[in-house]
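Residue-level structure breakdown
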Amino acid sequence: MRPSKFVTCFLLYFLYTAPHLVQGIDPLSHELIQWREIRSSNGTKPSDFHYLVTGGYRPPVNDLVKYAVSIRFGDAKRFFGTNHMCGGSIISKRAILTAGHCMYSKRGMMIQARKLRVFAGTPRRLEEASTTQELRVKKVLPHPKYRPGKYRHDLGVLQLRDEVSPTEAAAIIPLADKATTPGQLCTVVGWGTVVQFGPSPDEAINGDLEVLPNSECTKLANFNPKGMICARNRDDSEVDSCQGDSGGPLISENKLIGVVSFGEGCGEKYSAGVYTDVYYYHDWIVENSAHLRLVSQVSLVLALLQPAWW
Ligand code: ARG
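The structure presented is a predicted model; accordingly, all values stated were derived computationally and were not measured. (Residues numbered from 1 in each chain as written. Predicted model: local features only at pLDDT ≥ 70, side-chain atom pairs only at ≥ 80, totals over all residues. Heavy atoms only, no water.)

**Some remarks on the side chain of Arg 72**
Looking at where Arg 72 falls in the secondary structure, it is placed in strand β1 (residues 68–73). Among buried Asp, Glu, Lys and Arg side chains, Arg 72 stands out as unpaired, with Glu 128 the closest opposite charge at 7.5 Å. In this structure the side chain of Arg 72 is engaged in a polar contact, spanning 2.7 Å, whose partner is the side chain of Ser 70. Among the polar contacts made by the side chain of Arg 72, one reaches the main-chain carbonyl oxygen of Arg 125 at a distance of 3.0 Å. (Helix = DSSP H or I, 4+ residues; strand = E, 2+ residues; numbered from the N terminus. Buried < 20%, exposed > 50% of the residue type's maximum accessible area, 1.4 Å probe, protein only. Lys, Arg positive; Asp, Glu negative; His and termini not counted. Salt bridge = Lys/Arg side-chain N within 4 Å of Asp/Glu carboxyl O. Polar contact = N/O pair within 3.5 Å; in protein donor to acceptor, adjacent residues only side chain to side chain.)

Shown next as structure tokens:
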């Protein structure tokens, strides 16, 4: 056999066996391949999506994804959604709540509003739906005490140039009106990686968690009970938010209780995810959510005028 033919035969053999080699070496890829097979057959049930947020599931009807947005940087070079950067929550027609660290580049520079796009009403990251709304950003407003590279005060508001039209697929989530309690059940929603350093999903994934007491959270590095809460799934440590979920919602009883912030790895045993405590920052969030601010300014003016009317 001439060397070129030998090389061609070898390449063909390699290409034929490569997927099997991958399965042999990497049980996770094997799981993902299996998952794809399960998904393409009809009888899907949430428990089939174990590895998928990390360790999460896709409910048959996702009631929570309507509150979540995908924040994207610049134009998608080739494919819709490949520029997903962070999650966020719709907190008013003109305001998205996200993480402070989603507003800065790796070098610590604040990202310009015109470079960002917000996608609402899009349960699939990679496919534009008839319900998809693309919104431009007017102002990037990190919490004034947030410092890039640090963990505290990890929140910010994106004030929108375009209004979100509330629909069945895109809805405003009310902010938590009371402090969380240990054991409180909640769900994180996002398009973050399905395992640490793994791929990002197309459809949003939910992970069911419970809020832990501060006595447990303070064991985590960089946790501060003032302005942070932590959550994990008691029965399955693999359920956790992960890279790409940041800024996205942690929801309890249809109220926004947290913003995905940080963790040590994802889905690690004896660990938990850390979330910015929405209730702690309630007043700052309300004051900085465009139309709500207008409402509060109007009521202030009315309150000042009142004595003059008597
Ligand atoms: N910082 C991550 C992000 O930018 C979120 C990590 C959350 N980690 C965790 N183990 N819960 O997407």
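**Details of the packing of aromatic side chains**
Counted under the stated rule, the structure contains four aromatic pairs. The interplanar angle of 75° and the centroid separation of 4.9 Å between the aromatic rings of Tyr 280 and Tyr 281 together place this pair among those described as edge-to-face. With a relative accessible area of 4%, Tyr 281 lands in the buried category. Across the ring face of Phe 80, the terminal group of Arg 72 is positioned such that the distance to the ring centre comes to 4.6 Å. (Phe/Tyr/Trp six-rings, centres within 6.5 Å; stacked < 30°, edge-to-face > 60°. Lys NZ or Arg CZ within 6 Å of the ring centre and 35° of its normal.)

**Considering the pattern of salt bridges**
This structure, assessed with the given rule, holds ten salt bridges. The closest approach of N and O atoms between Glu 203 and Arg 58, which form a salt bridge, is 3.8 Å. Here Arg 58 lies in the loop between α2 (27–40) and β1 and Glu 203 lies in the loop between β7 (185–190) and β8 (205–211), a separation of 145 residues in the sequence. You can call Glu 203 partly exposed: its relative accessible area is 23%. Accessibility expressed as a relative area gives 6% for Arg 58, which makes it buried. Measuring nitrogen to oxygen at the nearest pair gives 3.9 Å for the salt bridge that ties Lys 255 to Asp 177. Separated by 78 residues along the polypeptide, Lys 255 in strand β11 (residues 255–262) and Asp 177 in the loop between β6 (156–160) and β7 bring together distant segments of the chain. Since its relative accessible area comes to 27%, Lys 255 is described here as partly exposed.

**Digging into the pairing of strand β3 (residues 95–98)**
Neither face of β3 is exposed, since Ala 95 and Leu 97 on one face and Ile 96 and Thr 98 on the opposite face are all buried. Judged from the three bridges that link them, strand β2 (residues 84–92) and β3 form a sheet pairing that is antiparallel. The residue bridging Ser 92 from the neighbouring strand is Ala 95, located in β3. Direction of pairing for β3 relative to β6: antiparallel, over a ladder of four bridges. For Leu 97, the partnering residue across the bridge sits in β6 and is Val 157. (Pairing = 2+ DSSP bridges.)

**Describing the site of the ligand**
In the neighbourhood of the ligand, 15 residues make up the surrounding shell, with Asp 240, Ser 241, Gly 244, Ser 246 and Gly 265 lying closest. Between the ligand and the protein, one listed contact pairs an oxygen atom with a side-chain N or O atom of His 101 at 2.9 Å. A distance of 2.7 Å separates a nitrogen atom of the ligand from a polar backbone atom of Gly 265. It is β11 that contributes the most residues to the shell around the ligand, three residues altogether. Considered class by class, the residues forming the shell around the ligand number four nonpolar, nine polar and two charged. (Near = heavy atom within 4 Å. Nonpolar A, V, L, I, M, F, W, Y, C, P; charged D, E, K, R; others polar.)

**Let's talk about the sheet that holds strand β12 (residues 273–277)**
Strand order in the closed barrel formed by six strands is β7-β8-β9-β12-β11-β10, with antiparallel pairing between adjacent strands. For this sheet, the mean angle separating the axes of adjacent strands, direction not counted, is 45°. In this structure, β7 lies alongside β8, joined through six bridges in antiparallel fashion. Bridge assignment links Thr 187 to a residue of β8, and that residue is Asp 208. (Axes fitted to C-alpha atoms, helices over the stretch in contact; angles between N-to-C directions.)

**Considering the confidence of the model for the protein**
Low-pLDDT stretches of the model should not have their predicted coordinates read in fine detail. On average, residues of the protein carry a pLDDT of 83, and 76% of them reach 70 or more. Here residues 6–52 is modelled with pLDDT under 50, and outside its nearest four sequence neighbours on either side it reaches 41 contacts, counting other chains as well. (pLDDT = per-residue confidence, 0-100. Contact = heavy atoms within 4.5 Å.)

**As for the sheet that holds β2**
Sheet architecture is closed into a barrel: six strands sit in the order β1-β2-β3-β6-β5-β4, paired in antiparallel fashion. Within the sheet, the average angular offset between the axes of one strand and its neighbour, ignoring direction, is 40°. As defined by bridge partners, strand β4 (residues 116–120) adjoins strand β5 (residues 133–142) across four bridges and the pair is classed as antiparallel. Following the sheet pairing, Ala 120 is matched in β5 by Gln 133.

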